[in-house]
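Results of the structural survey
Now for the letters of each chain:
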Amino acid sequence: MPIRLSLGHIDVYDDRTATFAHQLGLTGVQFHTPNLLPGENGHWSLEELRALRERCDRDGLRIDGLENVPLAHFWKVQRGLPGRDEQIENYFRTIRNMAAVGIDMLGYNWLPTFVWRTDMDVAGRGGAKVTAFDLAEIGAGNALASYRLSPTEPLAEPISVDRMWANHQYFLDAVLPVAEEAGVRLALHPDDPPVDEPLGGAARIFNTPAALAAAHKQAKASPAWGLDFCLGSVSEMGGEDAVNEVIDTLGPVGAIAYVHFRDVQGTVPSFRECFLGEGNYNPARVIRRLHEVGFDGFMIDDHVPAVIGDPDTWMDISSDAYCSRGRAHALGYLQGVLNGLGLD
Ligand SMILES: O=C(O)[C@@H](O)[C@@H](O)[C@H](O)[C@H](O)CO
């Protein structure tokens, strides 16, 4: 199957979202801790997953994947706290229930204090609204602190680099056998931002291409593990060179599960999000390189700039804000590049 585009990072799915996908010529969707999966019992139930699958079937849309179980399902696992084994048992249930309804991709992140930005309202090209991060400004806290996936409780104690690695190994050793048996693939999202400094007390470990390769080693090359290849987060590490290093390292071994296609201008410690084509890497060169290493999965839009008339960037999770001009631009840009490369 050739590289395909999917409408991604969907928080709120409704008729508007489904219509937006069809009007953009997309046949697949990817969800991001979606409204239709509340997961009230510590895992995603068979009933709610089946209802989501049946809703998308009715809408004529394929579910390419889910990303990020609710934080309430996962925070003890990330932090290595007592009670993580119960959460891991619930994660088994989520995996098995996903498999039962034919959903085979589950993205996850290893960010106990989630994604950080220092400004959610920066003027990008032509005054478009974008977000930014500057390490020098973290003293004011996370500008994303009120975002629904950001933790409300501060860490009880700092989490060191060694403990973050050990917690990840513990998680993989427990869940990969279950994921392999179920035929579900877990996909790690790189740290965003990929800084060396702890943010909110938690060390950041998946912050270089070498660290992502080390995660693959921790997974013992399991077919049930892959990289949620966020090009934006890797671009934040080191621009196109970092992107190419990840492609050349994990692509040939089939460890790139899917792609978040966004970009930034600048690299840590200071960057801002931007439109595709004006960032650190050349999207056409990156897609060609992904194809050349055999990547044949799906790619999603991710965060996008808010252009004139768009309600907001990714802080507003309504379908009205999600189905934006900025998102249509990103997807149309990628459709054009895929067509030009003869990959559509
Ligand atoms: O690049 C990013 O930070 C995004 O894709 C996140 O919004 C998303 O929640 C990721 O899964 C990180 O958790």
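See the structure shown above.
What you see is a predicted model; the values in this text were computed from it and never measured. (Residues numbered from 1 in each chain as written. Predicted model: local features only at pLDDT ≥ 70, side-chain atom pairs only at ≥ 80, totals over all residues. Heavy atoms only, no water.)

With respect to the overall build of the protein chain
Inclusion rule: Here a strand is any run of E in DSSP of at least two residues, a helix any run of H or I of at least four, and the numbering for each starts at the N terminus. Each residue is placed in one exposure class: buried if its accessible area under a 1.4 Å probe, protein chains only, is under 20% of its type's maximum, exposed if it is over 50%, and partly exposed if it falls in between. Between two residues, a contact is recorded if the distance between any of their heavy atoms is within 4.5 Å. Per-residue and other accessible areas follow the Shrake-Rupley method at a 1.4 Å probe size, with only the shown protein chains counted as cover for residues. Residues counted as positive are Lys and Arg, residues counted as negative are Asp and Glu, and His and the chain ends are not counted. Charge positions come from single atoms, namely NZ of Lys, CZ of Arg, CG of Asp or CD of Glu.
Tallying secondary structure elements over the protein chain gives ten helices and twelve strands in all. When the backbone C-alpha atoms are referred to their principal axes, the protein chain occupies close to 50 × 50 × 40 Å. Every one of the 344 residues in the protein chain was classed for burial, and the buried ones make up 58%. Sequence separation of at least 24 residues holds for 75% of the intrachain contacts in the protein chain that already meet a minimum separation of 6. Counting every atom, the protein chain has about 13000 Å² of accessible surface; 51% of that belongs to carbon and sulfur. Here the protein chain contributes 28 positive and 47 negative side-chain charges, whose respective centroids are spaced 2 Å apart.

A word on the site of the ligand
Basically, it comes down to this: If a single non-hydrogen atom of a residue is within 4 Å of a molecule or strand, that residue counts as near it. N or O atoms closer than or at 3.5 Å make up a polar contact, with two conditions inside protein: a donor-capable atom paired with an acceptor-capable one, and, for residues adjacent in sequence, both atoms drawn from side chains. Basically, the charged four are Asp, Glu, Lys and Arg, the nonpolar ten are Ala, Val, Leu, Ile, Met, Phe, Trp, Tyr, Cys and Pro, and anything else, Gly included, counts as polar.
Around the ligand there are 16 residues in total, and His32, Glu67, Asn68, Asp192 and His303 lie nearest to it. Asn68 is positioned such that a nitrogen or oxygen atom in its side chain is 2.9 Å from an oxygen atom of the ligand. Out of a free accessible area of 330 Å², the ligand has 100% covered by protein chains. Tallied by class, residues from the shell around the ligand come to four nonpolar, eight polar and four charged.

Quick word on the sheet that holds strand S12 (residues 298–300)
Test applied: The rule for pairing is simple: two strands pair if DSSP sees at least two bridges between them. Between N-to-C directions, angles cover 0 to 180 degrees, with each direction set by a line fitted to C-alpha atoms, over the stretch in contact for helices.
Within the closed barrel, the eight strands sit side by side as S1-S2-S3-S4-S7-S8-S9-S12. Their pairing is parallel. Each adjacent strand pair in this sheet contributes to an overall mean axis angle of 30 degrees, direction not counted. For strand S2 (residues 28–32) and strand S3 (residues 62–67), the ladder comprises five bridges, and the chain directions are parallel. Directly across from His32, in S3, lies its bridge partner Glu67. Most of the contacts of helix H7 (residues 231–250) go to strand S8 (residues 225–230), to which it runs at about 135 degrees, and overall it touches strand S7 (185–189), S8 and strand S9 (256–260).

Let's talk about unusual backbone geometry
In this model, Asp192 is joined to Pro193 through a cis peptide bond whose omega is -5 degrees. Following the sequence through the fold, Pro193 ends up in the loop between S7 and helix H6 (209–218). Following Val268, the chain continues into Pro269 via a peptide bond in cis, with omega recorded as 20 degrees. Within the element layout of this structure, Pro269 appears in the loop between strand S10 (263–267) and strand S11 (270–274). Unlike most non-glycine residues, His9 shows phi in positive territory, near 60 degrees. Residues other than glycine seldom take positive phi values, yet Ala221 does so here, at roughly 55 degrees. For Ala221, the location among the structural elements is in the loop between H6 and S8.

Distances and angles like these do not, on their own, reveal function.
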